[in-house]
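Summary of the model geometry
Here are the chains, one letter per residue:
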Amino acid sequence: MISVVIPAFNEQENIPAAAERLGGILAPLSDYELIFVDDGSKDGTWELIKQLGETDEHIRGLHFSRNFGKEGAVFAGLKAADGDCVAVIDCDLQHPPELLEKMYAAWKNGAEVVEAVKASRGKEGIIYKLFAKTFYRMMKNSSAIDLDGASDYKLMDRKVVNALNEMPERLTFFRALSSWVGFRTERVEFDVAPRNAGKTKWSFRKLFRYAISSITSFTNVPMQIITWSGVLFFIFAVILAIQTLVNFCTGKAADGFSTVILLLLIIGSILMLGIGIMGYYLSKIYEEIKQRPRYIVSEESGRRQRREDNK
Ligand code: UDP
Ligand code: MG
């Protein structure tokens with residue numbers, strides 16, 4: 001059986017279309033289940049999922065008690081999935097469902113992770129593109145995980161899903177974790193389609209926080225930068241000290257008041273920045289150590305739920 005995990009946040013216009021298109025593609029391939037994970041939507045998304053689940057036994061739903069973010073939704077879906085392979089796909093049909101046939105075939109041929117990579121990025125603003133590029137370059141240089149063109153559109157073998165389910169960490173980055181676990185990986189290319197309906201659920205703020213959290217999840221390079229800038233400043237200080245001493249000995253004692261102020265400012269700001277970065281990692285440790293759940297499922301619907309109710 002193939003399971004498809006579909007995170008959905010305020011996607012009422014897209015749910016029926018997604019269910020229909022995915023069903024049409026999967027039915028000839030094998031037995032399947034669609035797991036819609038409603039990430040605390042405020043619109044009719046959850047009612048729709050429940051309704052669809054009543055008439056179509058392939059459709060299951062999980063409902064979060066509030067918006068926990070896409071990462072939580074993906075991982076909740078992976079945990080709930082019963083399939084021999086599990087795919088993750090966006091609800092807005094920007095990930096062409098037709099590609100699943102190819103991904104499924106690759107899995108049948110022995111691939112354990114089938115990644116769909118973006119051949120083209122679709123319509124995006126120039127600032128957004130710039131940020132995305134910088135982010136991916138930083139990730140590549142610092143953690144050796146190449147995410148260029150990566151998306152959350154994946155198909156994974158049960159083994160991989162089990163490995164991901166065992167990850168104890170709370171602050172996850174699915175896109176990178178699924179390549180971090182290793183396994184035989186194959187890539188297929190796709191062009192990002194325009195959104196079926198509605199608008200993007202990621203505000204700039206949300207995305208920026210996601211980027212920072214992902215970088216700090218995968219690399220300690222920002223902390224190393226602090227150390228190196230410390231070394232740089234020490235060298236600078238030594239040179240300056242020698243110059244001052246020479247001036248002192250030759251009787252040309254500096255009256256450089258502005259130099260002192262400038263140096264104080266620079267060193268002060270570097271220190272603050274350093275402490276800020278350390279604080280970020282510290283707060284991350286704090287978040288992880290609290291051991292709070294990544295998401296809270298408040299309701300379930302569909303086949304499995306009915307099976308349990310009948311017991
Ligand atoms: N999504 C989610 N929780 C969120 C934000 C987004 O589950 O807090 C889902 C959303 O419903 C969609 C997928 O994540 O299925 C991708 O979101 P979106 O299409 O808004 O992002 P974009 O394609 O613009 O990057
Ligand atoms: Mg989208």
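Residues numbered from 1 in each chain as written. Chains lettered and ligands numbered in written order. Predicted model: local features only at pLDDT ≥ 70, side-chain atom pairs only at ≥ 80, totals over all residues.

Take the overall build of the protein next. Looking only at helices and strands, one finds 11 helices and 8 strands in the protein. Taking 2.2 N^0.38 as the reference for a compact globule, 311 residues should give roughly 19 Å; the C-alpha atoms of the protein span a radius of gyration of 25 Å, well beyond that estimate. For the protein, the spread of C-alpha atoms along the principal axes amounts to about 95 × 35 × 35 Å. In the protein, the proportion of contacts linking residues at least 24 apart, taken out of those at least 6 apart, comes to 84%. (Helix = DSSP H or I, 4+ residues; strand = E, 2+ residues; numbered from the N terminus. Rg over C-alpha atoms; globule rule 2.2 N^0.38 Å. Contact = placed C-beta atoms within 7 Å.)

Below, the discussion takes up the site of ligand 1. What surrounds ligand 1 is a group of 16 residues, the closest being Pro7, Phe9, Cys91, Thr200 and Lys201. Where the shell around ligand 1 is concerned, the elements lending two or more residues are strand S1 (2–8) and helix H3 (70–80). A breakdown of the residues in the shell around ligand 1 according to their chemical character gives 6 nonpolar, 4 polar and 6 charged. (Near = placed C-beta within 6 Å. Nonpolar A, V, L, I, M, F, W, Y, C, P; charged D, E, K, R; others polar.)

Chain-level pLDDT for the protein is 82 on average; 94% of the residues reach the 70-or-more range. The ipTM, which scores confidence in the relative placement of chains, is 0.89 for this predicted complex, and the corresponding pTM is 0.70. (pLDDT = per-residue confidence, 0-100.)

Moving on, we get to the domain arrangement of the protein. Accessible area lost upon the coming together of the parts is a frequently used measure of interface size. The domains assigned to the protein are domain 1 (2–217 + 297–310) and domain 2 (221–289). The gap between the C-alpha centroids of domain 1 and domain 2 is 44 Å. Counting from both sides, the interface comprises 5 residues of domain 1 and, opposite them, 7 residues of domain 2. (Domains from an automatic or database assignment.)

The next subject is the environment of Arg184. With respect to the helices, strands and loops of the structure, Arg184 is situated in the loop between helix H7 (174–180) and strand S7 (185–191). C-beta crowding within 10 Å serves as the criterion here: with 12 such atoms nearby, Arg184 is assigned to the exposed category. Residues Arg184 and Phe218, spaced 34 residues apart in sequence, show a C-alpha to C-alpha distance of 21 Å. Leaving out residues up to four positions away in the same chain, Arg184 has contacts with Gly110, Ala111 and Glu112. (Buried ≥ 20, exposed ≤ 12 C-beta atoms within 10 Å, placed from the backbone.)

A few words now on helix H1 (residues 15–26). For an α-helix, 3.6 residues make a turn, and residues three or four places apart therefore share a direction. Under the 1.5 Å per step criterion, the end-to-end length of H1 is 16 Å for 12 residues, consistent within 8% with the ideal 16 Å. Within H1 the residues assigned to the buried category are Ile15, Ala18, Ala19, Leu22 and Leu26. Across the axial projection of H1, the buried residues extend over an arc of 95°, all falling on one side. Exposed and oriented more than 90 degrees from the buried face of H1 are Pro16 and Gly24. Packing partners of the buried residues in H1 comprise S1, strand S2 (32–38), helix H2 (45–55), strand S3 (59–64) and helix H4 (99–108). (Expected span 1.5 Å × (residues − 1). Arc of directions from axis to C-beta.)

Helices that pack against each other are described as a pair by the angle of their axes relative to one another and the distance between those axes. Put simply, helix H5 (residues 126–143) and helix H8 (residues 204–218) touch, their axes get as near as 10 Å, and they point 10° apart. As far as their axial angle goes, H8 and H5 are roughly parallel. Along the contact surface, H5 presents Phe135, Met138, Met139 and Ser143, while H8 presents Ala211, Ile215 and Phe218. Within the contact of H5 with H8, the residues separate by chemical class into 6 nonpolar, 1 polar and no charged. (Axes fitted to C-alpha atoms, helices over the stretch in contact; angles between N-to-C directions. Parallel < 35°, antiparallel > 145°, perpendicular 65-115°, else oblique.)

Let us now look at the environment of Phe135. With respect to the helices and strands, the residue Phe135 is situated in helix H5. Residue Phe135 is classed as partly exposed on the basis of its 18 C-beta neighbours within 10 Å. Between the C-alpha atom of Phe135 and that of Phe208, which follows or precedes it by 73 residues, the distance is 9.6 Å.

Interhelical geometry of H1 versus H2 gives an angle of 35° and a closest axis separation of 10 Å. Residues Ile15, Pro16 and Ala19 of H1 form the contact with H2, whose own contacting residues are Thr45, Leu48, Ile49 and Leu52. In the contact of H1 with H2, the residues fall into 6 nonpolar, 1 polar and no charged.

Right, let's get into the pairing of strand S5 (residues 113–120). As paired elements, S5 and strand S6 (residues 154–157) share 3 bridges and run antiparallel to each other. Each residue of the ladder has a partner; that of Glu115, found in S6, is Lys154. As judged from the 7 bridges shared by S5 and S7, these two strands associate in the parallel manner. Looking at S7, one finds that Glu115 is bridged to Arg187. (Pairing = 2+ DSSP bridges.)

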